Amino acid sequence: MQLGSTELRVYEGRGFVAGWRFTIQFSDGTRRLDLLVDEWFPRSAPRAALIDRPDFLTWPHVERDGVLCLLPGTAAVDPTNPAGAARVTIGSACELIEECVAGSNTDDFRQEFLSYWNWALPEKHEAFYSLLAPAQPTRAIRVWNGKPFALLADSDQDISRWLTNRRGEKDVDDLPSGGLFLWLDAALTPAEYPASGGALLELVRSAGGIEILERLVKANPNRIVIALGAPTSNGPCVAVVSAWRPLAKTYPKGRSRNPVQDGFRPGKMPARMLIQRYVAGGQVVWSPVERVDTDWILGRNKSAHIERLLAARVVVLGCGSVGAPVALALIQAGVSNMTLIDPDSLKWANTTRHPLGASSVGRNKAEALTEHIRRDHPHVGDISAHPRRWQDVMRTSPDVYSTATLIFSAMGDWEAEGGLNEWHVASGRRFPIVYGWTEPFACAGHAVAICGEGGCFNCGMSNVGVAVSTRTSWNAATVRQEPACGANYQPYGAVALGHVVSAIAGVTLTYLTQDVSQSSEVVWSGEEEFLKACGGSWTATPGTANSLVKRPWERRPDCPTCA
């Protein structure tokens with residue numbers, strides 16, 4: 001039977017425009033099933049909904065309105081075979097319903113805990129962010145009860161660092177309070193969600209958290225935040241249950257009665273009775289948790305190089321159109337400790353090829369980029385800025401360099417980079433320095449990594465800081481000048497620069513995550529049509545358009561720096 005507007009109204013908000021109802025015989029009896037399509041069908045997948053079903057959250061994969069979760073969000077359908085898509089949907093729905101009838105898929109509630117927990121939440125609920133390590137043991141935690149979210153962490157220091165990065169304030173005014181993290185052997189099914197204070201208390205006892213809860217109750221807070229953590233086959237999950245203190249009862253003539261302490265002088269009530277009155281007699285409220293801890297942010301627990309990148313300390317020299325996006329790429333890859341050094345300020349003309357925009361114009365590039373990183377990536381560790389030349393920082397704070405894991409230079413200034421190379425050689429080249437730059441119009445780009453073996457940076461450069469080997473050749477001058485004395489610049493935009501930045505960031509990551517001892521160079525060659533349109537041509541240096549070439553950065557016998 002084809003569904004009319006009355007039947008389709010049950011699925012309001014889903015955009016279904018047509019549907020058909022079937023009566024199907026299952027192992028436990030007949031059930032009605034709707035096949036539903038939206039306006040994008042047959043490019044979109046049809047959906048199925050179960051009419052005759054048990055209460056919501058009795059069976060997994062059955063949403064509140066009966067629509068079944070059959071396909072992942074990334075599934076694609078063949079638009080040339082709509083009848084086939086409908087048959088597959090009906091067949092999959094029947095298989096799911098038989099599994100539900102048999103109870104063979106109940107464990108799906110545990111493995112996909114977050115979906116069902118979030119479905120069970122009240123319409124209005126408090127938002128929690130978590131910096132907790134979602135793993136055993138059951139333990140005391142800290143809770144920052146702020147607006148518009150509350151923050152969970154294992155220490156006050158973790159809360160302070162995250163909030164300071166995110167909000168740009170030096171001090172956190174609202175002090176954290178105590179909470180409890182319960183590590184469960186398995187995620188809960190909906191039937192096991194603690195719907196009362198008594199059920200929550202039993203859960204706390206079963207997970208070994210009763211002594212911690214007793215200490216929290218003695219402080220007599222308005223509420224106690226209890227985070228629930230558990231393993232699943234898809235990684236750990238975290239949720240929150242708040243236990244609210246029972247409200248005081250008010251009687252005529254203004255007398256009130258405290259249902260928690262009633263009958264006992266302050267501090268004289270037995271702990272077990274106190275906890276029973278507070279938790280079992282109060283209200284429990286469920287809330288979702290969004291993980292913001294470093295492991296989750298960086299590859300959702302699956303990044304192979306997290307530990308090495310987190311331990312690294314990178315110094316970035318030059319926070320312009322090359323240095324700034326490379327620095328951001330390294331932060332997003334997992335670098336957590338970084339020092340940014342640049343004496344220049346951002347100008348309006350920089351905003352077309354710099355990740356910072358109008359709000360940062362006039363500010364020092366290193367300081368503005370540091371603030372940007374902290375605010376948008378608050379999980380980071382130690383990020384600092386020096387609005388000076390690298391030589392000035394070396395003079396006053398040599399530890400910035402001596403404690404580095406890697407230095408990345410995008411200064412594009414031979415005086416500065418030649419001096420940096422001399423310092424690197426004199427100090428024994430104990431860690432890599434990666435130099436990155438573009439050729440005119442960003443038609444090609446270079447990443448040169450100098451390590452303990454092979455050439456120093458000067459080995460591949462002329463005496464005035466021009467790369468001995470370039471990919472592009474030009475018949476006319478490529479450097480432009482502003483209507484001001486000495487205000488020269490290279491004309492290129494963010495699109496052409498993107499490939500160069502990716503190549504340089506890739507080389508830098510390689511030297512951060514692998515034990516490489518040999519100096520090398522990676523050269524990116526861009527679009528040939530773009531090169532010709534800009535008036536350039538390729539040189540004889542090996543490489544083809546739209547490709548990367550890696551080659552050793554050889555030692556030059558007559559290099560004055562190496563000698």
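Residues numbered from 1 in each chain as written. Predicted model: local features only at pLDDT ≥ 70, side-chain atom pairs only at ≥ 80, totals over all residues. Heavy atoms only, no water.

Draft legend 1. A look at the nonpolar core. Membership of the largest hydrophobic core comes to 44 residues, with the highest contact counts inside it found for Met 338, Leu 340, Leu 369 and Phe 408. Elements with a contribution of two residues or more to this core: β14 (313-317), α11 (323-333), β15 (337-341), α12 (365-376), β17 (406-409), β19 (444-450), α16 (494-513) and β23 (520-525). In terms of residues, this core owes the most to one element, α16, which gives 10 residues. Not counting chain neighbours up to four residues away, the residues in contact with Leu 369 comprise Cys 319, Ala 324, Ala 327, Leu 328, Leu 340 and Leu 356. One finds Phe 113, Val 204, Leu 213 and Ile 226 within the second-largest nonpolar core, a separate group that totals 38 residues. (Core = buried A, V, L, I, M, F, W, Y, C linked by side-chain atoms within 4.5 Å. Buried < 20%, exposed > 50% of the residue type's maximum accessible area, 1.4 Å probe, protein only. Helix = DSSP H or I, 4+ residues; strand = E, 2+ residues; numbered from the N terminus. Contact = heavy atoms within 4.5 Å.)

Draft legend 2. Expanded view of the packing of aromatic side chains. Here the structure, examined in full by the defined rule, presents 22 aromatic pairs. Ring centres of Tyr 116 and Trp 119 lie 5.3 Å apart, and the angle between their planes is 85°; on these two criteria the pair is classed as edge-to-face. Linking Tyr 116 with Trp 119, this pair stays in helix α4 (residues 113-120), spanning 3 residues, or about one helical turn. Relative to Trp 162, the ring of Phe 149 lies with its centre 6.0 Å away and its plane at 85°, an arrangement referred to as edge-to-face. With Phe 149 in the loop between β5 (139-145) and β6 (150-153) and Trp 162 in helix α5 (residues 156-167), the pair connects residues that are 13 residues apart, well separated along the chain. A single burial state applies to Phe 149 and to Trp 162, both of which are buried. (Phe/Tyr/Trp six-rings, centres within 6.5 Å; stacked < 30°, edge-to-face > 60°.)

Draft legend 3. Looking closely at the packing of α11 against α16. The N-to-C vectors of α11 and α16 enclose an angle of 45°; their axes lie 9 Å apart at closest approach. Judged by the inter-axis angle, α11 sits oblique to α16. The two elements α11 and α16 cross, and the hand of that crossing is right-handed. Taking contact as the criterion, the partners of Pro 325, Val 326, Ala 329, Leu 330 and Ala 333 in α11 are, on α16, Val 501, Ile 504, Ala 505, Thr 508, Leu 509 and Leu 512. Residue composition of the contact of α11 with α16, grouped by class: 10 nonpolar, 1 polar and no charged. (Axes fitted to C-alpha atoms, helices over the stretch in contact; angles between N-to-C directions. Parallel < 35°, antiparallel > 145°, perpendicular 65-115°, else oblique. Left-handed = near helix turned anticlockwise from the far one by under 90°. Nonpolar A, V, L, I, M, F, W, Y, C, P; charged D, E, K, R; others polar.)

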